[in-house]
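# Secondary and tertiary structure notes
The primary structure of each chain is shown beneath.
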Amino acid sequence: MKLLKQLKSVVYGMIFGISNVIPGVSGGTMMVVFGCFDIVCGALALDIKHIKKHFAFLMLFAIGAAGGIIGFSFAVTGLLENFPIPTFLFFLGLVAGSLPLLFRKMFSGGGNVNNKVKFYHIIFAVIALAIVAVLGIAEKSAVETVSFMAQMGFIFYVKLFFCGFIAAVVMIIPGMSGSFMLMLFGVYYVIINAITELDLSILVPSGLGIIVGVVIGARFIKWLLGRFYTTAYSIITGLVIGSLFAIFPPGVRFDLTLLIGTAAFIAGAVFSFFAGREKTTNE
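The text that follows walks through the structure, step by step, so that each part is easy to find. None of the values given here were measured: they were computed from a predicted structure. (Residues numbered from 1 in each chain as written. Predicted model: local features only at pLDDT ≥ 70, side-chain atom pairs only at ≥ 80, totals over all residues. Heavy atoms only, no water.)

So, on to the overall build of the chain. Along the chain, the regular secondary structure elements total 14 helices and 0 strands. The proportion of buried residues among the 283 residues of the chain is 47%. A fraction of 82% describes how many contacts in the chain between residues 6 or more apart in sequence connect residues 24 or more apart. Entry remark: accessible area of the chain is about 14100 Å², with carbon and sulfur atoms responsible for 75%. (Helix = DSSP H or I, 4+ residues; strand = E, 2+ residues; numbered from the N terminus. Buried < 20%, exposed > 50% of the residue type's maximum accessible area, 1.4 Å probe, protein only. Contact = heavy atoms within 4.5 Å. Areas by Shrake-Rupley, 256 points an atom, 1.4 Å probe, with all protein chains shown as cover.)

Time to look at the nonpolar core. If you look at the biggest cluster of nonpolar residues, it comprises 60 residues, and the most contacted ones within it are Met31, Phe37, Phe57, Phe61, Phe91, Ile172 and Tyr233. Looking at this core element by element, the count peaks at 10 residues for helix 7 (residues 84–108). (Core = buried A, V, L, I, M, F, W, Y, C linked by side-chain atoms within 4.5 Å.)

The subject of this paragraph is the environment of Ala43. Counting through the fold element by element, Ala43 comes out in helix 3 (residues 37–44). A sequence separation of 179 residues divides Ala43 from Lys222, and the C-alpha atoms of the two residues are 9.6 Å apart. When residues no more than four places from it in sequence are discounted, the contact partners of Ala43 are His50, Ile51 and Leu58.

Next up on the list: a nonpolar patch on the surface. On the surface, Phe161, Leu200, Val204, Leu208, Ile211, Val212 and Ile216 cluster together to form a nonpolar patch covering roughly 620 Å² of accessible area. Broken down by element, the nonpolar patch gets its largest block of residues, 6 residues, from helix 12 (residues 200–227). With respect to the helices, strands and loops of the structure, Phe161 is situated in helix 9 (residues 154–172). (Patch = residues over 30% accessible without salt bridge, like charges linked within 9 Å, V, L, I, M, F, W, Y side chains within 5 Å. Salt bridge = Lys/Arg side-chain N within 4 Å of Asp/Glu carboxyl O.)

Helix length check: helix 12 (28 residues) gives 40 Å between terminal C-alpha atoms against 40 Å at 1.5 Å per residue, within 8%. Within helix 12 the residues assigned to the buried category are Ile202, Pro205, Ser206, Gly209, Gly213, Val214, Val215, Gly217, Ala218, Ile221 and Leu225. (Expected span 1.5 Å × (residues − 1).)

Here the largest pocket is characterised by a volume of approximately 1100 Å³. Phe16, Ile69, Met171, Ile210 and Val214 are, among the 36 residues lining the largest pocket, the residues nearest its centre. The element contributing the most residues to the lining of the largest pocket is helix 5 (residues 55–73), with 10 residues. Partitioned by chemical class, the residues of the lining of the largest pocket number 30 nonpolar, 6 polar and no charged. (1 Å grid on protein atoms, 1.4 Å probe; cavity = no way out; pocket = protein on both sides within 12 Å on 5 of 7 lines; lining within 4 Å. Points joined across faces, edges and corners; volume = space filled by probe spheres on them. Nonpolar A, V, L, I, M, F, W, Y, C, P; charged D, E, K, R; others polar.)

Within the secondary structure, His50 is located in helix 4 (residues 48–53). Owing to a relative accessible area of 17%, His50 belongs among the buried residues under this scheme. In this structure His50 touches Asp38, Ile39, Gly42 and Ala43, once residues within four positions along its chain are discounted.

In C-alpha cells, the structure reads:
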C-alpha cells in the first residue's frame, strides 16, 4: 500500500507537469483535482516547516512534475495535432471529477464555523467562473504571435524572464493556464523547443522568471487561504468550473474520436474523483 501511495504521488505530479505544457489546461486546477493544492502552495511559498512535514509527498510530486514537463514537451505538438479531442476531454474529466472535493472544501470553511458560505461567496464564484469562461473563449481564437527569436540581446532575455514570471503566477491559480499566457506572449514554442534541445540561453532566463513567479504567487495564495479560506475556495471553485468551458475542445463531432474522447473523459473523472476522496479522507 505504501508503494501504491508513493506511485500515486508521482502520477499526480506527472499530470500536473503535463497540464502545464498543454495550452488551456491549468496546473493549479490539477493540484486542486488531487487535493494537494494547499500542500504544494505551501511548499512553493518556501515554508520550511511545511516542506519538512510533507517532504516525502513533495519530493515524489516534484519528480513526477519534472518528468511530465520534460517528457511531454517532446510529444505535445504531435498529440495535440493528432488527438486533440481525446486529450482535452481527458483533462476535462479530471476537472469534472474534482468538483465534489471542491464543494466539500468550500462549504467546510476550513473547519472554522465562522467561515460559513455566505451569499457574497457565491457572487465571487460566479464572477471567477465568468472570467475564466471568457478567457477560454478568447483563447480558442488566439494565435501565437511571431516569435522574437531574432531579437537576441539583453531586452530579449528580460522579456523571457518577464514571460516566465507572469506564466508562473498564472499557473498556480486554478482555472488559469500558464502555457496560454506564454502563447499570448509569443514564446510558447520557443520555450518548448528549448526544453527539447536543452537550450540554456532560453531556459535560464525564463526559468528564473518562473521560479520567482512561483514563489511570489504561492506566498500570496498561502496568505489568502490562511486569512480568507472560504472566500479563497469560493473563487477557486468558480475558476475551476469556468475552466470546463476553457478546456472543452472545439470541433467536436459524433464520430469515433468522440467515442474515444468520451472514454478518456470518464477515465479522467473517475480517477480524479477517487483521488480527491482519498486525499480528503487522509487530511
